[in-house]
Amino acid sequence: MSGFDNPYGGSFGGQMNVSADGAVNGATPPGGLIKDTTTAAFGKDVIEESKAQPVLVDFWAPWCGPCKQLGPVLEKAVNAAGGKVKLVKMNIDEHPSIAGQLGIQSIPAVIAFSAGQPVDGFMGAVPESQVNEFIAKLSQNSPSEQDRKAEIAEALDQAEQMLADGKLQEAGQLFAAVMQADPENPKALAGIGRCMVAAGQLDRARQVLEQVPEELREDDAIKALVTKIEQIEEARKFGDPAALEHALAQNPDDHEARMKLAKVLNAEGKREAAAEQLLIIMRRDREFDDDGARRQLIAFFEAWGPKDPATISARRRLSTILFS
């Protein structure tokens, strides 16, 4: 998602499969396969791009004869690979610092980057067959689109579990890592917003929603985040839960106070307790507020998500009330 201010962004380490933190491998982004780069653009053109597919960096100079021989061979091989790798060319006369940092002392030199790190390379104007073998080896080590989707799905499951366990920073970082590979993944985007909500950063969660593209606003994960924020904002109007509990102690059938207490408890993250208050209303008076307790509980389920333990538990108890 272009321009998204990701508060959990940053460096999470190297290549991520689900067993390690870091950026998830991605599919080849749209755009040209071959380009020139600069020192300033190296991070975007090479480090970030290599998180989607391997990137070859051709360090060359205009005066270098072997560079002129290797350049067309590299370009031909990269084009033939059909997007499995990209080629970035860096003129070391104009931009010497990167080559110096990598310890390159002679050219032509080709360094392959994957998952943000240099992983292989070769020196000199090697034959076309050797270049093709080099690219084939890199491509074999790159995950397929199916592998990528499976990794993303498993990473999202792990992040959801971290969030459920209260590990907000870890969950936020993993959701952010998914977004590095799939910038418009609505589950990852909503996950970051939910981490903010759980941390009490409601204003930042709203900022996340403001940056959601129009085409993603109807996604269930995004709508659940919107509902969650609305519920919290509504609950904040109801005041002190201690006062509501006192009112219920005086009159256990004060269903309006109990409904307010359920919303406050939900806003405080006490989901099981919030559900219990609504279930009590249903047991005592299904007609209250036109079955409002059940409708509010369903709204909680939508905000919590179907896999949340509170949703699973309360849904079972709701079924008992409805169908017994």
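As the structure is a computational prediction, the values presented were derived from the model and not from experiment.

Caption draft 1: A look at the packing of aromatic side chains. The final tally for this structure, using the stated rule, is four aromatic pairs. With centroids separated by 5.3 Å and ring planes inclined at 25°, the aromatic side chains of Phe300 and Trp304 adopt a geometry described as stacked. In this pair, Phe300 and Trp304 both sit in helix 13 (residues 292–304), four residues apart, roughly one turn of the helix. Comparing Phe300 with Trp304, the two get one shared label, buried. Members of the aromatic cluster, connected to one another through ring pairs, are Phe300, Phe301 and Trp304. One Lys or Arg, Lys89, reaches over the ring of Trp60 and ends 5.9 Å from the middle of that ring.

Caption draft 2: View of the packing of helix 13 against helix 14 (residues 309–323). Orientation of helix 13 relative to helix 14, taken along the N-to-C sense of each, is 155°, at an axis distance of 10 Å. By the angle between their directions, the pair helix 13 and helix 14 is classed as roughly antiparallel. Seen from above, helix 13 lies across helix 14 with left-handed handedness. Each of Arg294, Leu297, Ile298, Phe301 and Trp304 in helix 13 lies in contact with helix 14, whose residues at this interface are Ala310, Thr311, Ala314, Arg315, Leu318 and Leu322.

Caption draft 3: Up close: the state of the cysteines. For the coordinates displayed, the defined rule picks out one disulfide. Between Cys64 and Cys67 runs a disulfide, and the two sulfur atoms are separated by 2.4 Å. Every disulfide takes its handedness from the sign of the S-S torsion; for Cys64 and Cys67 that torsion is 80°, giving right-handed. This pair shows no difference in class: Cys64 is buried, exactly as Cys67 is.

Caption draft 4: Seen up close, the sheet that holds strand 4 (residues 55–60). In spatial order, the strands read 3-5-4-6-7; together these five strands make up an open sheet with mixed pairing. The two strands at the open ends of the sheet, each matched to only one other strand, are strand 3 (34–36) and strand 7 (117–123). Averaged over all neighbouring strand pairs, the angle between strand axes comes to 25°, with direction disregarded. Note that strand 6 (residues 109–114) and strand 7 share six bridges and pair antiparallel.

Caption draft 5: View of the pattern of salt bridges. Taken as a whole, this structure holds 20 salt bridges when the rule is applied. With its nearest N and O atoms 3.7 Å apart, the salt bridge here joins Asp157 to Lys307. Of this pair, Asp157 sits in helix 5 (residues 145–164) while Lys307 sits in the loop between helix 13 and helix 14, placing them 150 residues apart in sequence. The class for Lys307 is exposed, based on a relative accessible area of 68%.

Caption draft 6: Geometry of the side chain of Lys86. Relative to the helices and strands, Lys86 is located in strand 5 (residues 86–91). For Lys86, a relative accessible area of 7% corresponds to the buried category. Polar contacts involving the side chain of Lys86 include one to the side chain of Glu49, which spans 3.5 Å.

Caption draft 7: Examining the nonpolar core more closely. Phe175, Val197 and Ile229 are the most contacted members of the largest nonpolar core, which has 30 residues in total. Looking at this core, the elements that each hand over two or more residues are helix 5, helix 6 (168–181), helix 7 (186–198), helix 8 (202–210) and helix 9 (220–235). Aside from chain neighbours lying at most four places away, what touches Val197 is Leu202, Ala205, Leu225, Lys228, Ile229 and Ile232. Of all hydrophobic cores here, the second largest spans 24 residues; its members include Ala257, Leu278, Leu279 and Ile321.

Caption draft 8: Here's a closer look at helix 8. Along helix 8, the positions that sit buried rather than exposed are Leu202, Ala205, Val208 and Leu209. Looking straight down helix 8, one finds that the buried residues subtend no more than 110° of arc, so they occupy a single side. Structural note: helix 8 exposes Asp203 and Glu210 on the side pointing more than 90 degrees away from its buried face. Looking at the packing, one finds that the buried side of helix 8 touches helix 7 and helix 9.

Caption draft 9: Structural detail: the pairing of strand 5. Of all the six residues making up strand 5, six are buried; the element is thus mostly covered by neighbouring parts of the structure. Along strand 5, one buried face is formed by Lys86, Val88 and Met90 and the opposite face, lined by Leu87, Lys89 and Asn91, is buried too. With three bridges connecting them, strand 3 and strand 5 associate as parallel partners. Paired with Ile34 across the strands is Leu87, a residue of strand 5.

What counts and what doesn't
- Residues numbered from 1 in each chain as written.
- Predicted model: local features only at pLDDT ≥ 70, side-chain atom pairs only at ≥ 80, totals over all residues.
- Heavy atoms only, no water.
- Phe/Tyr/Trp six-rings, centres within 6.5 Å; stacked < 30°, edge-to-face > 60°.
- Helix = DSSP H or I, 4+ residues; strand = E, 2+ residues; numbered from the N terminus.
- Buried < 20%, exposed > 50% of the residue type's maximum accessible area, 1.4 Å probe, protein only.
- Lys NZ or Arg CZ within 6 Å of the ring centre and 35° of its normal.
- Axes fitted to C-alpha atoms, helices over the stretch in contact; angles between N-to-C directions.
- Parallel < 35°, antiparallel > 145°, perpendicular 65-115°, else oblique.
- Left-handed = near helix turned anticlockwise from the far one by under 90°.
- Contact = heavy atoms within 4.5 Å.
- Disulfide = S-S within 2.5 Å.
- Pairing = 2+ DSSP bridges.
- Salt bridge = Lys/Arg side-chain N within 4 Å of Asp/Glu carboxyl O.
- Polar contact = N/O pair within 3.5 Å; in protein donor to acceptor, adjacent residues only side chain to side chain.
- Core = buried A, V, L, I, M, F, W, Y, C linked by side-chain atoms within 4.5 Å.
- Arc of directions from axis to C-beta.

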